[in-house]
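# Commentary on secondary and tertiary structure
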Amino acid sequence: MTELRFRGIPDAIAAEVRETLRTPEYGHPAHREVATGYGPCRQCLRTFAIGEEERILFTYQPFRETGSLPAPGPVFIHAEACEGYDSSTLPPDFRKLPLVFEAYRNGGWLVAQERVGPDASSAELPGAMFDENGADYVHIRNGEAGCFMARVDRLAQPLVRR
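Residues numbered from 1 in each chain as written. Predicted model: local features only at pLDDT ≥ 70, side-chain atom pairs only at ≥ 80, totals over all residues. Heavy atoms only, no water.

## Some words on the pattern of salt bridges
For the structure shown, the criterion picks out 8 salt bridges. Residues Asp153 and Arg151 are paired through a salt bridge, measuring 3.0 Å at the closest nitrogen-oxygen approach. Pair check on accessibility: Asp153 and Arg151 agree, each one buried. (Salt bridge = Lys/Arg side-chain N within 4 Å of Asp/Glu carboxyl O. Buried < 20%, exposed > 50% of the residue type's maximum accessible area, 1.4 Å probe, protein only.)

As structure tokens, then:
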């Protein structure tokens, strides 16, 4: 069975946005507001407490591979610093959300796409996409809004648990 690594956006990008209130790479203004939707935060991968937590909206480019097409889109992070998600399991808050898993080969070539509802079986799908489609990585997108939520990579070595 393939061991996976689920991650939010890099901590350095989130810190830059919080400090500058500007979108990395593009320089557009970021917008800070009290959460009106569940999100989730693209750094810690937890949903927002609607009406309570502040969040920052900005444009994020999830593709980093040479030759891949740009696909920037809107994402949210907590306005206050949070710890980035980096685990071998699907984030707990994702289990209740509508998701789209997109499997890619290096260079940004889409090889499979699957929409799943909020259920426990969605946790197993990314591993199957690696095994069945030869994917190099998987993006998780929001099944309602379509925006990027997280990245999944195949691990060469198991994560060290702290």
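Moving on, there is more to tell.
## Focus: the packing of aromatic side chains
Tallied over the full model, the rule gives 4 aromatic pairs. Taking 6.2 Å as the distance between ring centres and 80 degrees as the angle between the ring planes, the aromatic pair formed by Phe48 and Phe76 counts as edge-to-face. Here the residue Phe48 occupies a position in the loop between strand 2 (31–34) and strand 3 (54–60), and Phe76 occupies one in strand 4 (residues 73–78), the gap between them amounting to 28 residues. Overall, Phe76 belongs to the buried group, its relative accessible area being 17%. With 5.5 Å between their ring centres and 35 degrees between their planes, Tyr60 and Phe148 make a pair best called tilted. Of this pair, Tyr60 sits in strand 3 while Phe148 sits in strand 9 (residues 148–154), and the two are 88 residues apart along the sequence. Taken together, the ring pairs connect Phe63, Tyr104 and Tyr137 into an aromatic cluster. When the ring centre of Phe48 is taken as reference, the NZ or CZ atom of Arg55 above it lies at 5.6 Å. (Phe/Tyr/Trp six-rings, centres within 6.5 Å; stacked < 30°, edge-to-face > 60°. Helix = DSSP H or I, 4+ residues; strand = E, 2+ residues; numbered from the N terminus. Lys NZ or Arg CZ within 6 Å of the ring centre and 35° of its normal.)

## A closer look at helix 1 (residues 11–20)
Listed as buried for helix 1 are Ile13, Ala14, Val17 and Arg18. Down the axis of helix 1, the buried set is contained in an arc of 135 degrees. They therefore lie on one face. Of the residues in helix 1, the exposed ones pointing more than 90 degrees away from the buried face are Ala12 and Glu19. Where helix 1 terminates, the next one or two residues include Leu21, which has phi positive at roughly 50 degrees. (Arc of directions from axis to C-beta.)

## Observations regarding the environment of Glu25
With respect to the helices and strands, the residue Glu25 is situated in the loop between helix 1 and strand 2. Separated by 115 residues in the primary sequence, Glu25 and Ile140 place their C-alpha atoms 22 Å from one another.

## Remarks on the sheet that holds strand 2
The 3 strands lie next to each other as 2-3-4, forming an open sheet whose pairing is antiparallel. In this open sheet, the two strands that pair with only one neighbour each are strand 2 and strand 4. Strand-to-strand twist across the sheet, computed as the mean angle between neighbouring axes with direction ignored, equals 35 degrees. Relative to strand 3, strand 2 runs antiparallel, the two sharing 4 bridges. Each bridged residue has a counterpart across the sheet, and for Arg32 the counterpart in strand 3 is Ile56. (Pairing = 2+ DSSP bridges. Axes fitted to C-alpha atoms, helices over the stretch in contact; angles between N-to-C directions.)

## Overview of the environment of Leu155
By the element assignment, Leu155 lies in the segment after strand 9. It is 8.8 Å that separates the C-alpha atoms of Leu155 and Ser88, two residues lying 67 residues apart in sequence. If sequence neighbours within four positions are ignored, Leu155 has contacts with Glu3, Leu4 and Arg5. (Contact = heavy atoms within 4.5 Å.)

## What about the nonpolar core?
Among the nonpolar cores identified, the biggest contains 21 residues, and Phe94, Leu99, Phe101 and Ile140 are the most heavily contacted of them. Counting residues per element, the ones that place at least two in this core are strand 1 (4–7), strand 6 (99–105), strand 7 (109–116), helix 2 (125–133), strand 8 (137–142) and strand 9. (Core = buried A, V, L, I, M, F, W, Y, C linked by side-chain atoms within 4.5 Å.)

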